[in-house]
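A closer look at the structure
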Amino acid sequence: MKEIWRRAGVFCCALLPVAIVAACAASASPSLSVPSGFSLEAIASIGGARELVALPNGDLIAGTNGSNVYLVPNAESTPGTPRILLTLPDEEAAGVAYAAARSELFVGTVHHVWAVDYPPHDGKVQARRVADVRAGPVAPGTDGDVHDTTSLAFSNGLVYVSAGSSCNARMNGGSSPCVEVDPTRAAISIMEPSGANFRQRAKRLRNGIALAVNPQTGAVWVGGAGQDDLPFGHPYEFLDDLSTHAGDADYGWPVCEEYRHAYLPGTDCSHTVAPLVVTPAYSTIIGAAFYPIHPAGPYAFPARYRGGLFATAHGSWHRDRTGCYAAPPRVVFVAMEGDRPVKAVDWTNPATQWTDFVTGFQNGCLARVGRPTGVAVGVRGSLFVADDRTGTIYRIRPAHNR
């Protein structure tokens, strides 16, 4: 049996600013389901909510698809009204990462990476521009950017910066693959927190939106969204441990996909990365987060989830042969042993390594009530999930610990 979220008594739109009440009203769907033994509740409404960061004090930070970054106070206890933490002079403030040891928040926008002392030393939140992305031209023979969010992670003293490609896979109207000339595009870069020593760490990823750090090992994982013009159902999308690959890891897009498969005749794919975890084509993995091995707090998940990886699939715009969306929005769970999935990849079936955790975002063929984006684990054990369709922030806990 699945437990269905009941809205009554969970969240009150009247407590929110007028500007986001409409988004709250749109979130009133009773269809979302979590596994038996868990409860799911809406705790906040933030228009266009994207990546999430859970702070050590129990607050929650949310990037957005606008220029604002929000703070949800006391997200692990009695959540307060979301408020704007900062407004940046650029769009798509979607990527957020927190360096607890440095008390420093990093935000990625379309063209820049920003650093913010948080909590602020003088009580005033101010952002410093520490790096630029997408400063160079788009791929020759293409019209312009098709991916404009910038995802971030912090691990082992370095900031990881992921920016998607400026094209899908091919030059306009032709069969020739597009090739990026800006080294920040279709790539993951690394830098020092000051922005110094900015350099490429992985290349040829069409759109590595999801970045996650394993708190046990410091390993940085990336989730990749695949191209659109291959035979239906391909390429599989993936999650992979970037930290295991030395130098400038090559993920092969747009000519090499999946298990070093060449989609352009004559291409040598032998040195490209074969990912550790795959999901069906068009899943569009937006967020990912590891659940701690030893969670603290009263809302710790059962042992079978500890050390595992949660990922949010935004869902497809692609239609299958019946006219339905080919991939529904969902939150999935991948059981892990350290930095290896419990089940190895089955290259004939991209559905073997993960299980559903939150479903019901899509009802039937085309009706959608939400699309999950960011995911984070709170300091007391709660799992937080953002939804940029309704602007809802959900909190998931073991039901007996609500």
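Everything discussed here concerns the structure shown above.
Notes on the structure follow. (Residues numbered from 1 in each chain as written. Predicted model: local features only at pLDDT ≥ 70, side-chain atom pairs only at ≥ 80, totals over all residues. Heavy atoms only, no water.)

One open sheet accounts for 4 strands, arranged E8-E9-E10-E11; its pairing is antiparallel. The open sheet has two edge strands with one neighbour each: strand E8 (95-99) and strand E11 (127-132). Recorded for the sheet is a direction-independent mean angle of 25 degrees between the axes of neighbouring strands. In this sheet, strand E9 (residues 104-108) lies alongside E8 in antiparallel orientation, the contact comprising 5 bridges. In the sheet register, Val96 faces E9, and the bridge partner there is Val107. (Pairing = 2+ DSSP bridges. Helix = DSSP H or I, 4+ residues; strand = E, 2+ residues; numbered from the N terminus. Axes fitted to C-alpha atoms, helices over the stretch in contact; angles between N-to-C directions.)

Within this structure, the stated rule accounts for 3 cavities of 30 Å³ or more. In this structure, the largest cavity occupies an estimated 90 Å³ of space. Around the largest cavity, the lining is made up of 14 residues, and of these Arg206, Ala225, Phe238, Trp253 and Glu257 lie nearest the centre. Counted by class, the lining of the largest cavity contains 7 nonpolar, 3 polar and 4 charged residues. (1 Å grid on protein atoms, 1.4 Å probe; cavity = no way out; pocket = protein on both sides within 12 Å on 5 of 7 lines; lining within 4 Å. Points joined across faces, edges and corners; volume = space filled by probe spheres on them. Nonpolar A, V, L, I, M, F, W, Y, C, P; charged D, E, K, R; others polar.)

The next thing to look at is the sheet that holds strand E17 (residues 220-224). What the 4 strands build is an open sheet, ordered E16-E17-E18-E22; its pairing is antiparallel. A strand with exactly one partner marks an edge of an open sheet, and here the two such strands are strand E16 (210-213) and strand E22 (277-279). Each neighbouring strand pair of the sheet contributes to a mean axis angle of 15 degrees, computed without reference to strand direction. Pairing between E17 and strand E18 (residues 237-241): 4 bridges, direction antiparallel. Residue pairing across strands places Trp221 opposite Asp241, the latter belonging to E18.

Distances and angles like these do not, on their own, reveal function.
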